[in-house]
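Geometric and topological summary
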Amino acid sequence: MKKVDPGVSCYFCGEGIIAPRNLRGSVLQYRDEREIPVEADVFVPTCDVCGESLLDDDTSKALDAVLEPAYRRLRAERLQQELGLALSALKITQGDLERLLGLSPGYVSKLLKGKRVAETALYRFVHLLNANPQFGLRALADVAPIDDLLAGATA
Amino acid sequence: MKQSAGPQHPLAEVRACLADSRRVTVARSTAAEMIAAHFGWDYGGSVAFAKEVVRGLAEENFFRRTLMRDGTPADEYGVVREGISWYVKLFITGSPARLLIVSCHLPQWDIPTPAGIVTCTQRGLRKP
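Position numbers for residues start from 1 in each chain and track the written sequence from start to end. Here chains are named by letter from A upward and ligands by number from 1 upward, in the order in which they appear as written. For a predicted model such as this one, the threshold for reporting local features is a pLDDT of at least 70, and the threshold for listing and counting side-chain atom pairs is 80 or more; totals across whole chains, interfaces and linings nevertheless cover every residue.

**Quick look at the overall build of chain A**
Stated precisely, the cut-off is as follows: The helix count covers DSSP runs of H or I at least four residues long, the strand count covers runs of E at least two residues long, and both are numbered beginning at the N terminus. The globule rule used here is 2.2 Å times the number of residues to the 0.38 power, and the radius of gyration it is set against is calculated over C-alpha atoms. We call a residue exposed when 12 or fewer other C-beta atoms sit within 10 Å of its C-beta, buried when the count reaches 20 or more, and partly exposed for counts in between; the C-beta positions come from the backbone. Here, residue contact means that the backbone-derived C-beta atoms of the two residues sit within 7 Å.
Looking only at helices and strands, one finds 6 helices and 6 strands in chain A. For chain A, the succession of helices and strands along the chain, N to C, is β-β-β-β-β-β-α-α-α-α-α-α. Taking 15 Å as the expected radius of gyration for a compact globule of 155 residues, we find that chain A reaches 22 Å, considerably beyond that expectation. Residue burial in chain A is summarised as follows: out of 155 residues, 26% are buried. Counted over contacts in chain A with a minimum sequence separation of 6, partners at least 24 positions apart contribute 57%.

**Overview of unusual backbone geometry**
Residue and element names in this part refer to chain B. Residue proline 96 is bonded to the preceding serine 95 through a cis peptide linkage, with omega at 5°. Among the structural elements, proline 96 can be located in the loop between strand 4 (84-93) and strand 5 (98-105). One non-glycine residue, glutamate 82, lies in the positive phi region at around 50°. Position of glutamate 82 relative to the elements: it lies in the loop between strand 3 (73-81) and strand 4.

**Overview of helix 3 (residues 43-55) of chain B**
Condition: Here a helix's expected span is defined as the number of its residues, less one, multiplied by 1.5 Å.
Over its 13 residues, helix 3 of chain B extends 18 Å from the first C-alpha to the last, a length consistent with the 18 Å expected when each residue adds 1.5 Å. Buried residues of helix 3 of chain B: Tyr43, Gly44, Ser46, Val47, Phe49, Ala50, Lys51 and Val54 of chain B, and no others.

**A closer look at the packing of helix 2 (residues 28-39) of chain B against helix 3 of chain B**
All names here are of chain B. To be explicit about the condition: Helix axes use the C-alpha atoms of the stretch in contact, all axes being lines fitted to C-alpha atoms, and the angles between their N-to-C directions lie in the range 0 to 180 degrees. Comment on the angle field: the value is read as roughly parallel under 35 degrees, roughly antiparallel over 145, roughly perpendicular from 65 to 115, and oblique elsewhere. The crossing is said to be left-handed when, going from far helix to near helix, the turn is anticlockwise and less than a right angle, and right-handed when the turn is clockwise. In the scheme used here, Gly and all other residues not listed as nonpolar or charged are polar, with Ala, Val, Leu, Ile, Met, Phe, Trp, Tyr, Cys and Pro taken as nonpolar and Asp, Glu, Lys and Arg as charged.
Running from N to C, helix 2 and helix 3 cross one another at 110°; their axes reach a closest spacing of 8 Å. Relative to helix 3, helix 2 is oriented roughly perpendicular. Seen from above, helix 2 lies across helix 3 with right-handed handedness. Contacts between helix 2 and helix 3 pair Ala31, Ala32, Ile35 and Ala36 from the former with Tyr43, Ser46, Val47, Phe49 and Ala50 from the latter. By residue class, the composition of the contact of helix 2 with helix 3 is 8 nonpolar, 1 polar and no charged.

**A look at the interface of chain B and chain A**
Note the threshold: Any two strands between which DSSP finds at least two bridges are classified as paired.
Tallying the contact residues gives 23 residues for chain B and 22 residues for chain A. Those elements that provide at least two residues to the side of chain B that touches chain A are strand 1 (24-27), helix 2 and helix 3 of chain B. Counting residues per element, the side of chain B that touches chain A draws most heavily on helix 2 of chain B, at 6 residues. Classifying every residue of the side of chain B that touches chain A gives 11 nonpolar, 6 polar and 6 charged. In this sheet, strand 1 of chain B lies alongside strand 6 (residues 54-55) of chain A in antiparallel orientation, the contact comprising 2 bridges.

**Some remarks on the environment of leucine 106 of chain B**
Residue and element names in this part refer to chain B. Within the secondary structure, leucine 106 sits in the loop between strand 5 and strand 6 (111-113). A tally of 14 C-beta atoms within 10 Å means that leucine 106 is categorised as partly exposed. Distance from leucine 106 to glycine 116, taken between C-alpha atoms, is 16 Å for residues 10 residues apart in sequence. Ignoring any residue separated from it by four or fewer positions in sequence, one finds leucine 106 in contact with His38, Ser85 and Trp86.

Structure representation (structure tokens):
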């Protein structure tokens, strides 16, 4: 599977050597997450100075196989935390939160149980909502039929 | 503006490399991860996309010649693909020849090409 001879000078930094290196233990950007840990052995041609790696079909698939489970687990954990914060701050039920966010009934439950991985837009929106939950609730009331939630929150 | 010479690596040779997956590599941080961040794709999808963008390059997309930090000559391109502007840097090296797609990401500045100006503001191709 070796695509680059050991000892190739790095084209990117001009200082290091690009050779197959085990990326286990490193942290990589993956999909739309900044930091996903590489939790298994995966050998990728990588510069020992700048850290740039060269990917081909095989190495990219090998990286995906290692990173995808960690990505799904971390995304689920982070979303569960965000949903929990929103429910707690707004003092509403899961059903209320589904109405607030325009989600199908039961969807929040599936997210909280880790049965679904949320789309990035939802994950980031709930994170934004948690920055100022009451402000978010009032803003959403302008466009969503959630007057009862607003009344409850301000009562 | 001074007219630069054409590509140092003919697109015919680039396409010959693309025809054999063992002769193509894609830089992780300056190509695959930037595509991944834009679309939310995994590395496999991002590497395949980078190759598709390069496969679709034409002479009219050429921007200028450049050098890698180690002195390796490379070519830069700008192209609009499905309404999205892309900056591409690549070179061919070794024997047998191997293509390295150094960069494939949204441009940070407007890129003048014979086809027009590839806008970094994602407004498509602007005719000069």
